[in-house]
Amino acid sequence: MNKTIELGVQGMTCASCVGRVERGLGKVEGVESAAVNLATERATVTYDPALTTPQALIDRVKDVGYEPRLAQTDLSVQGMTCANCVGRVERALGKVDGVLSATVNLATERASVTYLPSSVSAGQLKAAVRAAGYEVLDTAAGQDRSDQEREAREKEVLGLRRAVTFSAVFAVPLLILAMLPMLSLPAEMWLMERVGMNALNWIMLALAVPVQFGPGLRFYRLGWASLRHRSPDMNALVMIGTSAAFFYSLLVTLAPQLFPVGTAHVYYEASAVVITLILLGKYFEALAKGRSSEAMKKLLNLQPKTARVLRGGQELELPVDEVLLGDLISVRPGEKLPVDGEVTGGQSFVDESMITGEPIPVAKQLGAPVVGGTINQNGALQFRATKIGADTALAQIIKLVERAQGSKPPIQGLADAVVAVFVPVVLGIAALTFLMWLIFGGEQALSFALVNTVAVLIIACPCAMGLATPTSIMVGTGKAAELGVLFRSGAALEGLQAVQVVAMDKTGTLTKGKPELTDFVLTPGFHRVSVLKLVAAAENQSEHPIARAIVDAAKREGVAVMTAEQVEAVPGFGLDAQVEGRRVQVGADRYMTQLGLDVTAFSAEAQRLGDEGKSPLYAAIDGQLAALLAVADPIKEGSLEAVSALHAQGLKVAMITGDNARTAQAIARQLGIDQVLAEVLPGGKSDAVKDLQAKGQQVAFVGDGINDAPALAQADVGLAIGTGTDVAVETADVILMSGDLRGVPNAVALSRATLRNIRLNLFWAFAYNIILIPVAAGALYPAFGWLLSPVLAAAAMGLSSVFVLTNALRLRGFRPPVPPSTGKAASSPLPAHS
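In this report, we go over the structure that sits alongside the text. All of these numbers come straight from a predicted model, not from anything done at the bench.

## Considering the nonpolar core
Move 1: Grouped together as the largest cluster of nonpolar side chains are 133 residues, with contacts concentrated most on Met80, Leu93, Leu125, Ile278, Phe487 and Leu496.
Move 2: At 16 residues, helix H27 (residues 743–777) tops the list of elements feeding residues into this core.
Move 3: Discounting chain neighbours no more than four positions away, the residues touching leucine 496 are Phe487, Ala700, Val717, Leu719, Ala747, Val748 and Ser751.
Move 4: Membership of the second largest hydrophobic core comes to 29 residues, among which are Phe526, Val579, Ile621 and Leu629.

## What to know about the packing of aromatic side chains
Move 1: Applying the stated criterion to the full structure yields 14 aromatic pairs.
Move 2: Plain terms: the ring middles of phenylalanine 213 and tyrosine 220 are 5.9 Å apart, the flat faces sit at 20° to each other, and that makes the pair stacked.
Move 3: Phenylalanine 213 gets classed as partly exposed once you look at its relative accessible area, which sits at 36%.
Move 4: Overall, tyrosine 220 belongs to the buried group, its relative accessible area being 18%.

## Side note on the sheet that holds strand S6 (residues 99–105)
Move 1: If you walk across this open sheet you meet the four strands as S6-S7-S5-S8, and the pairing is antiparallel. Both edges of this open sheet fall to S6 and strand S8 (135–136), since each of them pairs with a single strand only.
Move 2: Bridge count for strand S5 (residues 71–78) against strand S7 (residues 110–115) is six bridges, and the pairing is antiparallel. When the bridges of S7 are listed, leucine 75 appears paired with alanine 111.
Move 3: Strands S5, S6 and S7 of the sheet are contacted by helix H3 (residues 83–94), whose axis makes an angle of about 165° with S6.

## Regarding the sheet that holds strand S18 (residues 485–487)
In any sheet, the strands associate via hydrogen bonds between backbone groups, in a parallel or an antiparallel arrangement.
Move 1: Spatially, S18-S30-S29-S28-S19-S26-S27 is the arrangement adopted by the seven strands of the open sheet, whose pairing is mixed. If you trace the sheet from one side to the other, it starts and ends with S18 and strand S27 (675–677), each paired once. Each neighbouring strand pair of the sheet contributes to a mean axis angle of 20°, computed without reference to strand direction.
Move 2: Strand direction decides the pairing type here: S18 and strand S30 (residues 734–736), joined by three bridges, are antiparallel. Counted as the bridge partner of valine 485 is leucine 736 from S30.
Move 3: Taken strand by strand, helix H25 (residues 685–693) contacts strand S19 (501–505), strand S26 (652–656), S27 and strand S28 (699–703), and its axis lies near 155° from that of S26.

The rules behind each value
Once a new chain begins, its residue numbering starts again from 1 and follows that chain's sequence as written. At least 70 in pLDDT is required for a residue's local features to be given in this predicted model, at least 80 for side-chain atom pairs to be given and counted, and no such filter applies to totals for whole chains, interfaces and linings, which use all residues. Neither water nor hydrogens contribute to the side-chain values; these are computed over all heavy atoms in the structure. By nonpolar core is meant a set of buried Ala, Val, Leu, Ile, Met, Phe, Trp, Tyr and Cys residues that side-chain atoms within 4.5 Å join together. Per-residue accessibility, obtained with a 1.4 Å probe over protein chains only, is compared with the maximum for each type, and a residue is labelled buried under 20%, exposed over 50%, and partly exposed between these values. A helix here means a DSSP run of H or I that spans at least four residues, while a strand means a run of E at least two residues long, and both kinds are numbered starting from the N terminus. In this description, contact between two residues means that some pair of their heavy atoms is separated by no more than 4.5 Å. Planes of paired rings set the category: under 30 degrees apart is stacked, over 60 is edge-to-face and the rest tilted, where pairs are Phe, Tyr or Trp rings (Trp by its six-membered ring) whose centres lie within 6.5 Å. Strand pairing follows a simple DSSP-based rule, namely that at least 2 bridges must link the two strands. Axis definition: a line fit to C-alpha positions, over the contact stretch in the case of helices; interaxial angles, taken between N-to-C directions, run 0 to 180 degrees.

Pasting the structure below:
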């Protein structure tokens, strides 16, 4: 049957645009009709879902030059317990017309949905989740979603604690009554004489009923819903297993005469204790989930709830969501900055470590940018709000981390494929177990069949499989955010550990991107300050980068820059100027030779500077050679450590630059870079990355995220050097917020640690089931006489989930191979003025 959907189309301006979109959509195979309305900016398309998809229609709209209107939303889904639940919610959302993709994360309990807002509403998405048997947390007006989710999780933990306590009150005495006769012959004789078997069965029934139909009722509700939707899950397995034990025992209690002599045993303790242990496992699981989101809590807690705003001559304490663009905000020492802005008054140092990962406080004065969530240290600041709400750097960081935590890496595909058929297979194994024991179990065939079938159903709950990947991703990306590294997706986190070559841009990535005066060698008889003062005055009127570097160096050293007179440029050589009655000439060695000055005394030094990629020039004062100066784009702090750390990780490092080969090779020698691709045109960097990939290597490219966008997009993994505030670089897979290259080996190490963690989790989740399901079915009984009690099966199932979660939590203790600089910026004096 054909389907009809509506696509929002942006960018149309006239009837010609309408015709273009209609013709483009009409050419898609399977499209029966396409009508576009310019006023509403919507295209109504009827198509055959067997021949095309909404994604194909969207791609065609893009092909003809217009932008389809898409929306993305996150839903907080309550009630999911295992990997089958995840698959069920994803399938339910995927069936809604207009949904393009749906990804569900069991650890964060969130569904991330991309959809066509013109075809489906958020309400319909929630309805689909509820129809699948789960609840969606609706955010109340004025309440933050994260606060509501935290409250819901706290409520869940409290509810589980109560359920475990209630169950244990009945299950513990029930277990004692059931086990005591087996452990002690006198105790068995006393019970049989004083109470009798029939009465004892009724007492155990009285203890089992509150557990089975009290806390155990949740498994009936959720398990029945999963069976009704033909997607049996962990709850269905528990429901079937415990019900089999309970109702078999109930029949034995009500009509013992129906069973052969010596086979009328009850298993109330198996049912009640299994429910109690599974709830206990769920309780520990909920506690561990709360700890796994610790990094996200830290990010969410960074933003203060209120701001001190100056309006109408008054200082008002307002909720942070009432701050407006352009508001003047006052921050006292020790307080957090509520939003992003620009300093208009005061000076201080600000701790930006939770945003950038850099521990060094940053000096702030007039005109300096400040970031919401950072901590003002020792001075009062006043700043103007430039970004508020979802536009702040902190809000963007939180959004990126949430997206990464909610996304699925490719490795999750294996678990999803197995889980899709796992529970039906387990039900088949359980049925086969029951049948085999019934046929070959001897006198107690029915009892053996029941116990072993229940053990199979309980041991096989796929909770650990569902938690194996998302918990590691959640903790890993959270830890990365603490270190100033943002992964845009789980795929980026997985991809980075597989790279073999890290290619880097030079200017602004390996180097500072701004020329500086690096060397100043004086002729005997001249003084540094006086020569620098004269040379800076001569260069002050020039806008050449080398001239600006000399002037900036003079200002940094507190030298007053004077005004030169009679400044004359000598094309191809240098310049000639008069400063306070003294003649100053600055230029290359050929200029000095033209002036009749001998520079051979500086030959060795000049050769060394040239080999280091620096630009040497000379200064003459009143006809005498005064100094040799060198200007270069200096290597960034941390670049050498970063390259060394990447080599230690077994990676090759390449440099791609548009600079000349001599300068590039000089930088490469200093840093120990393996391969240099120099004199590459701006548009050729992506081709250079392709050349590296053509050798069969996985390539990561590190650039500034703007000029290097094509190369970042071409690389297997693109890493953008950010500044802490520029976090929305669309072409990068990974963002280094501090701009420090040491974040690259740290990101690689964390990626590898996270993937090792995921592999261990998946191995445990699969191996646990592969090994213990046959044991639960009784595979060891013929050889050793061993059977797995349903009680032990429940304990093992709970421990498997707790193991996976605690293993993922180990990532919180990850230590970066190259810690950031810990120098104390506060020891530097603040400039007297801007």
